[in-house]
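So you can see what is in the structure, the chains are spelled out below.
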Amino acid sequence: MKNDDAKLTIYNVRGELVTRLIDGHYLRGHHEVTWAGRDGKNRQVASGAYFARFSADNVVQTQRLLLVK
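Conventions we followed
Per-chain numbering applies: the sequence of each chain, read as written, is numbered from 1 onward. Local features are withheld for residues below a pLDDT of 70 in this predicted model, meaning they are given only at 70 or higher, and side-chain atom pairs are given and counted only at 80 or more; totals for whole chains, interfaces and linings count all residues. Where side-chain values are given, they derive from all heavy atoms of the structure, hydrogens and water being excluded. Put simply, DSSP H or I for four residues or longer makes a helix, DSSP E for two residues or longer makes a strand, and each gets a number counted from the N terminus. Categorising residues by exposure relies on relative accessible area from a 1.4 Å probe, with only protein chains included: less than 20% of the type maximum marks a residue as buried, more than 50% marks it as exposed, and the intermediate range marks it as partly exposed. The term polar contact refers here to a pair of N or O atoms within 3.5 Å; inside protein, the definition further demands a hydrogen-donor-capable atom paired with an acceptor-capable atom, and it admits residues adjacent in sequence only when both atoms are side-chain atoms. Between any two strands, at least two bridges found by DSSP are needed for them to pair. Between the N-to-C directions of two axes lies an angle of 0 to 180 degrees, each axis being a line fitted to C-alpha atoms and, for a helix, fitted only over the stretch in contact. Any Lys or Arg side-chain nitrogen found within 4 Å of a carboxyl oxygen on Asp or Glu counts as a salt bridge. Contact between two residues is taken to exist if any of their heavy atoms lie within 4.5 Å; hydrogens are not considered. Pairing of aromatic rings covers Phe, Tyr and Trp, the last through its six-membered ring, and needs centres within 6.5 Å; plane angles under 30 degrees mean stacked, over 60 mean edge-to-face, and all others mean tilted.

Visitor: Teacher, can you tell me more about the environment of Arg28 here?
Guide: Tracing the backbone through its elements, the reader meets Arg28 in the loop between β2 (17-27) and β3 (48-56). The class for Arg28 is partly exposed, based on a relative accessible area of 40%. Sequence-wise, Arg28 and Val59 are 31 residues apart; in three dimensions their C-alpha atoms are separated by 12 Å. One polar contact links Arg28 to Asp4, side chain to side chain, over a distance of 2.8 Å.

Next up, the structure:
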């Protein structure tokens, strides 16, 4: 199987990077990742809207998230 560079990052509504959940080589296929609502320094973030950006190979997808506590 082929390895791809994959990245999954979370941004706030101002476009600021909150955290990187994935950044490295992954085999193609199904993978699951859970975001615990924490930033890159493991601090709890506020409730509100965020954006998840996934990129691998020639694919880039962005999805809006709503974090509710």
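Continuing now.
Visitor: How should I be thinking about the sheet that holds strand β1 (residues 3-12) in this particular structure?
Guide: The pairing of strands in a sheet happens through backbone hydrogen bonds and is either parallel or antiparallel. With respect to topology, four strands assemble into an open sheet ordered β2-β1-β3-β4, the strand pairing being antiparallel. The sheet terminates laterally at β2 and β4 (59-67), the two strands that pair on one side only. Strand-to-strand, the axes of this sheet are offset by a mean angle of 15°, without reference to chain direction. With nine bridges joining them, β3 and β4 adopt antiparallel strand pairing. In the strand pairing of β4, Ala49 is matched with Leu66.

Visitor: Help me understand the pairing of β3, please; the structure alone is not making it clear to me.
Guide: Here β1 pairs with β3 via seven bridges, running antiparallel. Following the sheet pairing, Leu8 is matched in β3 by Phe54. As consecutive antiparallel partners, β3 and β4 are separated by two residues, and within that stretch Asp57 has a phi angle of approximately 55°, a positive value.

Visitor: How do you make sense of the pattern of salt bridges when you look at a structure like this?
Guide: Any two side chains of opposite charge can pair, so long as their charged atoms come close to each other. What the rule picks out here adds up to five salt bridges. As a salt-bridge pair, Arg14 and Glu16 come within 3.6 Å of each other at their nearest N and O atoms. With a relative accessible area of 67%, Arg14 lands in the exposed category. When salt bridges with common partners are traced through the structure, they connect Asp4, Arg28 and Asp57 into a single cluster.

Visitor: What's the story with the side chain of Asp39 in this structure? I'm lost.
Guide: Mapped onto the fold, Asp39 is located in the loop between β2 and β3. Engagement of the side chain of Asp39 in a polar contact is seen with the backbone nitrogen of Lys41, the distance being 2.9 Å. Residues within four places of Asp39 in sequence aside, it is in contact with Val18, Thr19 and Val45.

Visitor: Would you mind showing me how to read the packing of aromatic side chains here?
Guide: Under the counting rule described, the total for this entry stands at one aromatic pair. Between the aromatic rings of Trp35 and Tyr50, the centroid separation amounts to 5.3 Å while the plane-to-plane angle is 70°, which identifies the pairing as edge-to-face. Of this pair, Trp35 sits in the loop between β2 and β3 while Tyr50 sits in strand β3; the two residues are 15 residues apart in sequence, bridging distant segments of the chain. Of the two residues, Trp35 and Tyr50, both sit in the buried class.

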